[in-house]
Amino acid sequence: MFDLIVRGGTLPDGRVCDIGIQGDRIVAMDDLGAATAGRVVEAAGDLVSPPFVDPHFHMDATLSYGLPRINASGTLLEGIGLWGELKQVMTQDDVVARALQYCDWAASMGLLAIRSHVDTCDDRLLGVEALLDVRERVKHYIDLQLVAFPQDGFYRDPTARANTIRALDMGVDVVGGIPHFERTMADGAASVTELCEIAAERGLMVDMHCDETDDPMSRHIETLAYETRRLNLQGRVAGSHLTSMHSMDNYYVSKLLPLMVEAEINAIPNPLINIVLQGRHDSFPKRRGLTRVREMLAMGINVGWGQDCVLDPWYSLGTADMLDVAFMGLHVAQMTSPQDMRTCFDMVTVNNARTLGLADYGLHVGARASLVILDAGDPIEALRLRANRLCVIANGKVISETPRADATLNLPGRPDTVRRRHGAG
Ligand SMILES: [Zn+2]
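To start, this report covers the structure provided alongside it. (Residues numbered from 1 in each chain as written. Predicted model: local features only at pLDDT ≥ 70, side-chain atom pairs only at ≥ 80, totals over all residues. Heavy atoms only, no water.)

Turning our eyes to something else, we now look at unusual backbone geometry. Cis geometry marks the peptide bond from leucine 67 to proline 68; its omega dihedral reads -15°. Note on placement: proline 68 falls in the loop between β6 (52-57) and α1 (76-89). At the junction of phenylalanine 284 and proline 285, the peptide bond is cis and its omega measures out at 0° in the coordinates. If you trace the backbone, proline 285 turns up in the loop between α8 (271-277) and α9 (293-298). (Helix = DSSP H or I, 4+ residues; strand = E, 2+ residues; numbered from the N terminus.)

See below:
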């Protein structure tokens with residue numbers, strides 16, 4: 001007798017099996033035959049995946065689109081200016097309400113682990129207070145990891161350094177930074193060094209907005225890899241964006257990537273935002289603005305797609321759907337072979353779980369019983385359809401269900417319904 005059985009689903013690797021759940025753990029993965037359970041969820045023919053993981057988000061800004069105005073130019077810098085205006089007028093209750101609403105969306109999309117940056121350039125640290133509260137409120141269904149993020153520059157903003165340290169004292173999980181936004185390259189490099197030292201002293205992970213620019217001379221990733229190794233932070237450091245790498249000299253990159261491998265840097269490209277914000281100073285040819293994803297993967301670097309923004313000063317769309325993110329990444333990085341498309345699915349599940357250091361993640365006996373059932377037969381079909389999440393289970397509990405969205409056809413001589421699944425109508 002199990003608490004819950006998910007029967008007959010297809011795992012991302014193609015195996016078909018039943019999943020037996022007791023409490024918040026997966027306790028059996030096999031043909032469970034006539035075994036009984038408090039509840040049985042039928043998944044025959046459907047993909048069963050571990051939950052989606054977003055390694056890069058801004059939950060303090062999400063769902064604020066239009067407040068106090070929209071970003072007219074659509075640029076990164078106007079977005080940062082607009083966020084500065086919004087910070088003056090927002091309240092802690094606003095931030096909590098928007099973040100909780102976003103977490104509802106995430107839960108319904110099977111997005112059950114999110115690393116969110118939280119702006120520490122605010123003497124009140126209102127966003128930090130708000131998201132610490134939200135982290136506690138959603139903990140039974142979403143792993144929310146917070147990054148202390150000095151949006152206006154760790155050194156460039158006069159009180160950012162003190163406030164970032166204060167945010168870490170308050171319980172923010174990860175050390176952030178934005179070296180390319182400091183006043184000089186030297187200040188940027190110094191900020192990487194000091195922030196990595198702070199992380200090493202406190203035993204924390206690091207995740208920097210790093211080289212989010214089209215300037216090929218923005219090379220803070222080199223310093224980040226160097227400091228990671230010097231301070232023995234291997235595997236616990238992430239470089240977010242890394243867009244300047246798209247325009248770096250090939251010879252330089254041939255030296256840089258092995259340094260990243262040595263430091264076990266995790267890379268987080270954010271394709272929706274990168275394709276929208278980068279290349280804004282170009283006429284034609286116009287750069288795509290995405291870092292070297294395939295090249296990093298080929299070197300064995302852990303790379304995962306991040307979402308970054310939903311309905312905020314930088315991005316006017318978004319749905320908490322990591323399949324949207326992977327779909328965009330697949331196109332921009334030209335990852336179109338069957339193997340590459342499967343990798344894109346891994347990049348929003350297992351690769352991102354590794355970046356966040358999630359314990360007990362995955363579909364195996366002993367893992368946490370968190371999973372998603374999709375209206376798709378395999379990971380590639382899930383990407384193609386950005387498939388509905390039929391059922392989302394978090395820590396052994398069904399937290400969201402969506403009915404299949406088959407269309408009814410009224411066409412003489414054609415089937416009555418259509419689902420757009422390959423081989424299934
Ligand atoms: Zn970001």
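After presenting the structure, the write-up continues.
Attention now moves to the packing of helix α6 (residues 220-230) against helix α7 (residues 250-262). At their nearest, the axes of α6 and α7 sit 9 Å apart, and the two run at 30° to each other. With respect to α7, the axis of α6 lies roughly parallel. Relative to α7, the crossing made by α6 is left-handed. From α6, Ile221, Glu222, Ala225 and Arg229 reach across to α7, where they touch Tyr252, Lys255, Leu256, Leu259, Met260 and Glu262. Each residue belonging to the contact of α6 with α7 can be placed in one class, and the counts come to six nonpolar, no polar and four charged. (Axes fitted to C-alpha atoms, helices over the stretch in contact; angles between N-to-C directions. Parallel < 35°, antiparallel > 145°, perpendicular 65-115°, else oblique. Left-handed = near helix turned anticlockwise from the far one by under 90°. Contact = heavy atoms within 4.5 Å. Nonpolar A, V, L, I, M, F, W, Y, C, P; charged D, E, K, R; others polar.)

What follows is about the layout of surface pockets. Over the atoms rolls a probe the size of a water molecule, and its path tells where empty space is left. Size it by volume and the largest pocket reaches roughly 600 Å³. The wall of the largest pocket is formed by 31 residues, among which Leu76, Leu77, His180, Glu212 and Thr213 lie closest to the centre. Sorting the residues of the lining of the largest pocket by element identifies α1 and α8 as the ones contributing at least two each. Per-element accounting of the lining of the largest pocket gives the leading share, three residues, to α1. For the lining of the largest pocket, the residue count by class is twelve nonpolar, twelve polar and seven charged. (1 Å grid on protein atoms, 1.4 Å probe; cavity = no way out; pocket = protein on both sides within 12 Å on 5 of 7 lines; lining within 4 Å. Points joined across faces, edges and corners; volume = space filled by probe spheres on them.)

Turning to the pattern of salt bridges, a few remarks are in order. One pass over the structure, following the stated rule, counts 30 salt bridges. The salt bridge partner of arginine 39 is glutamate 401, with a shortest N-O separation of 2.7 Å. Taken together, the residues arginine 39 in strand β4 (residues 37-42) and glutamate 401 in strand β16 (residues 397-401) connect sequence positions 362 residues apart. Notably, a salt bridge pairs glutamate 85 with arginine 69, separated by 2.8 Å at the nearest N-O pair. With glutamate 85 in helix α1 and arginine 69 in the loop between β6 and α1, the pair connects residues that are 16 residues apart, well separated along the chain. Judged by its relative accessible area of 33%, arginine 69 falls in the partly exposed class. (Salt bridge = Lys/Arg side-chain N within 4 Å of Asp/Glu carboxyl O. Buried < 20%, exposed > 50% of the residue type's maximum accessible area, 1.4 Å probe, protein only.)

Attention now moves to the nonpolar core. Considering soluble globular proteins, one finds that nonpolar side chains tend to be buried as a cluster. In terms of nonpolar packing, the biggest core is built from 105 residues, with Met59, Tyr102, Leu224, Met260 and Trp305 touching the most fellow members. Ranked by residues supplied to this core, first place goes to helix α2 (residues 92-108) with seven residues. The residues touching methionine 260, leaving out its near neighbours within four places in the chain, are Ile221, Ala225, Leu242, Met245, Ile265, Met296 and Ile301. If you look at the next biggest cluster of nonpolar residues, it comprises 19 residues, including Ala43, Leu363, Ala367 and Ile393. (Core = buried A, V, L, I, M, F, W, Y, C linked by side-chain atoms within 4.5 Å.)

This paragraph deals with the coordination of the zinc ion. Looking at the zinc ion, one finds its protein donor set to be His56 (NE2), His58 (NE2), His209 (NE2) and Asp308 (OD), positioned 2.1 to 2.5 Å from the metal centre. According to the relative accessible area criterion, aspartate 308 is buried, its value standing at 3%. (Donors = N, O, S within 2.8 Å, 3.2 Å for Na, K, Ca; no water.)

This part takes up the packing of aromatic side chains. Both the distance between ring centres and the angle between the ring planes are used here to describe each pair of aromatic rings. Tallying each qualifying case throughout the model produces five aromatic pairs. Both rings, one in phenylalanine 57 and one in tyrosine 102, keep their centres 4.4 Å apart while their planes meet at 20°; by these two values the pair is stacked. Within this pair, whereas phenylalanine 57 is found in strand β6, its partner tyrosine 102 is found in helix α2, the two being separated by 45 residues in sequence. The residues phenylalanine 57 and tyrosine 102 share a single accessibility class, namely buried. (Phe/Tyr/Trp six-rings, centres within 6.5 Å; stacked < 30°, edge-to-face > 60°.)

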